[in-house]
Amino acid sequence: ERERESGRLERFEEVLHGSKGANVAELRKLSWSGIPPKLRADTWRTLNGYLPANNERREETLGRKREEYWNFVKQYYHTRHDDLHTDTFRQIHIDIPRMSPLISLLQQPTVQEMFERILFIWAIRHPASGYVQGINDLVIPFFVVFLSDVIPPGKAVDTYDVACVNSRLRDGVEADSFWCLSRLLDGIQDNYTFAQPGIQTRVTQLRELVTRIDDGLHRHLERHGIDYLQFSFRWFNNVLMRELPLSCTVRLWDTLHAEQEGFSHFLLYVAAAFLKHFSQQLMVQTDFQGLMLLLQNLPTSNWTDSEISLVVAEAFRLKYMFADAPKHLYNSQQPQQQQHLYYNK
């Protein structure tokens, strides 16, 4: 086992830091089934599109982007109490202490300040959507992965005192988290604009997909008056983060980064596979109350990477089963008689 792991690590090193730079296509393939923790930060930065594949440009790009972020902070952060921005900043300030209350790392004042800056600067620079609850959660995986990269080896990231981290390294973690969050949100922007149409669409698609893959479960939910919006809105809004332990979220994000349209498209199949995973437990619930309680508190607290691997493998199978069906999402000019996954009854 150890030998296999070290072989995998070497292969990752080769693909990520090869003499010609990172081979992104190969890196995606390797990362799909999980990334070695030691190389996760650089792999995520690369797959996110934040770090250039070309080795020679990496240092310079990182330096420039980090400086750019801190210039935004100088330029805008002092305006957080201006009338124009008060509501935005107040909402961010309220949401941050509520994030994952069980992770002591996120309760540290230093960390909360870092999150406030990241989210406020993002909101100011994206007036079309502004800050929406849920975006705060999406900073956490990036922050934890980039922080793990700069703390002493062997130290637990979830309890580490971030105030002890060298300020230059800490500033780098903050800037990288900001840019990677921005890149991620660029791909799912309509999830966070007014009325969150992107998420509404995903919820509808999930409902249609479940009728195809587990009609018994679908009918059971319908019979008891369960609306998919009531439980799956949060799944898409928070990329399942509220449903999983943090280590499992990080593992899931390895796959979502590896997929070409992981956060915008593949997540739908992950959500369907996730729901299907609990099908039997849901089927034995006989009333609305019991079903809602279970759907909002699914028993994942003991999950590890192996459960995530099962869910993503099932999601992959579903994606290929319906591979040509969602094309109408991108092209509404198709002939009406075609079999469509979502709207063909």
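Procedures and definitions
- Along each chain, residues carry numbers from 1 onward, in the same order as the chain's sequence is written.
- Totals for whole chains, interfaces and linings use all residues, but because this is a predicted model, local features are given only for residues with pLDDT of at least 70 and pairs of side-chain atoms are given and counted only at 80 or more.
- In computing side-chain values, all of the structure's heavy atoms are included and hydrogens and water are not.
- UniProt positions are given in the numbering used here, feature names are shortened, and annotations may be inferred rather than shown by experiment.
- Helix and strand assignments come from DSSP, with helices taken as H or I runs of at least 4 residues and strands as E runs of at least 2, each series counted from the N terminus.
- By definition here, a salt bridge exists when the distance from a side-chain nitrogen of Lys or Arg to a carboxyl oxygen of Asp or Glu is within 4 Å.
- The criterion used for residue contact is that any of the two residues' heavy atoms lie within 4.5 Å.
- Helix axes use the C-alpha atoms of the stretch in contact, all axes being lines fitted to C-alpha atoms, and the angles between their N-to-C directions lie in the range 0 to 180 degrees.
- Here the word oblique covers every angle except those under 35 degrees (roughly parallel), over 145 (roughly antiparallel) and from 65 to 115 (roughly perpendicular).
- Crossing handedness follows the turn of the near helix against the far one: under a right angle anticlockwise gives a left-handed crossing, and clockwise gives a right-handed one.
- Here the nonpolar group is Ala, Val, Leu, Ile, Met, Phe, Trp, Tyr, Cys and Pro; Asp, Glu, Lys and Arg are the charged ones; every other residue, Gly included, is treated as polar.
- Where a domain begins and ends is set by an automatic assignment or by a domain database.
- Accessible area that two parts lose when put together, evaluated with a 1.4 Å probe and summed over both, is termed the buried area.
- Distance and chemistry together define a polar contact, namely a pair of N or O atoms within 3.5 Å, with one atom able to donate a hydrogen and the other to accept it when in protein, and with adjacent residues in sequence counting only for side-chain atoms on both sides.
- To form a nonpolar core, buried Ala, Val, Leu, Ile, Met, Phe, Trp, Tyr and Cys residues must be joined to one another through side-chain atoms within 4.5 Å.
- Burial here depends on accessible area, computed with a 1.4 Å probe over protein chains only, as a share of the maximum for the residue type. Under 20% is buried, over 50% is exposed, and the range in between is partly exposed.

For the rest of this paragraph, the subject is the UniProt feature "domain: Rab-GAP TBC" (unreviewed entry) in the chain. If you check UniProt for "domain: Rab-GAP TBC" (unreviewed entry), the listed places come out as residues 34–260 in our numbering. Split by type, residues 34–260 is 63% helix and 0% strand. Its first and last C-alpha atoms lie 15 Å apart.

What follows concerns the pattern of salt bridges. Scanning all chains against the criterion turns up 21 salt bridges. With its nearest N and O atoms 3.8 Å apart, the salt bridge here joins Glu208 to Arg207. Salt bridges sharing common partners tie together Asp42, Arg45, Arg66, Asp149 and Asp176.

Along the chain, Asp176 falls in helix H8 (residues 167–187). Aside from chain neighbours lying at most four places away, what touches Asp176 is Arg45, Tyr50, Leu62, Arg66 and Phe146.

Right, let's get into the packing of helix H2 (residues 24–31) against helix H3 (residues 37–47). Look at H2 against H3: their axes get within 11 Å of each other, and the N-to-C directions meet at 125 degrees. In terms of orientation, H2 lies oblique with respect to H3. For the element pair H2 and H3, the recorded crossing hand is left-handed. Residues Val24, Leu27, Arg28 and Ser31 of H2 pack against Thr43, Thr46 and Leu47 of H3. For the contact of H2 with H3, the per-class residue count stands at three nonpolar, three polar and one charged.

It is worth spelling out the packing of H3 against helix H12 (residues 246–258) at this point. Contact geometry for H3 and H12: axes closest at 10 Å, N-to-C directions at 35 degrees. The handedness of the crossing between H3 and H12 comes out as left-handed. Facing Arg40, Trp44 and Leu47 of H3, the residues of H12 in contact are Val250, Arg251, Trp253, Asp254, His257 and Ala258. Taken together, the residues of the contact of H3 with H12 sort by class into five nonpolar, one polar and three charged.

Now for the domain arrangement of the chain. As far as domains go, the chain holds domain 1 (39–187) and domain 2 (197–325). One C-alpha centre belongs to domain 1, the other to domain 2; they are set 27 Å apart. Each side of the interface is counted separately: domain 1 has 16 residues, and domain 2 has 15 residues. In total, about 1,400 Å² of surface goes out of reach between domain 1 and domain 2, with carbon and sulfur atoms giving 68% of it. The interface formed by domain 1 and domain 2 holds two salt bridges in total. Between Arg40 and Asp254 there is a salt bridge whose closest N-O contact spans 2.8 Å. Where domain 1 meets domain 2, there are five residue pairs in polar contact (both at pLDDT 80 or more). Listing elements by their share of the side of domain 1 that touches domain 2, those giving two or more residues are H3, helix H7 (135–148) and H8. Class assignment of the residues belonging to the side of domain 1 that touches domain 2 gives a composition of ten nonpolar, four polar and two charged.

Here we take up unusual backbone geometry. If you check the backbone angles, Gln196 has positive phi at about 50 degrees while not being a glycine. Tracing the backbone shows Gln196 in the loop between H8 and helix H9 (197–213). Positive phi, normally seen in glycine, also occurs at Leu240, with a value near 60 degrees. Looking at where Leu240 falls in the secondary structure, it is placed in the loop between helix H11 (228–237) and H12.

Quick look at the nonpolar core now. Grouped together as the largest cluster of nonpolar side chains are 111 residues, with contacts concentrated most on Trp253 and Leu275. At eleven residues, helix H13 (residues 262–277) tops the list of elements feeding residues into this core. Taken domain by domain, this core gets at least three of its residues from each of domain 1 (39–187) and domain 2 (197–325). Filtering out sequence-adjacent residues up to four positions away, Trp253 remains in contact with Trp44, Leu138, Pro141, Phe142, Leu184, Val239, Met241 and Phe263.

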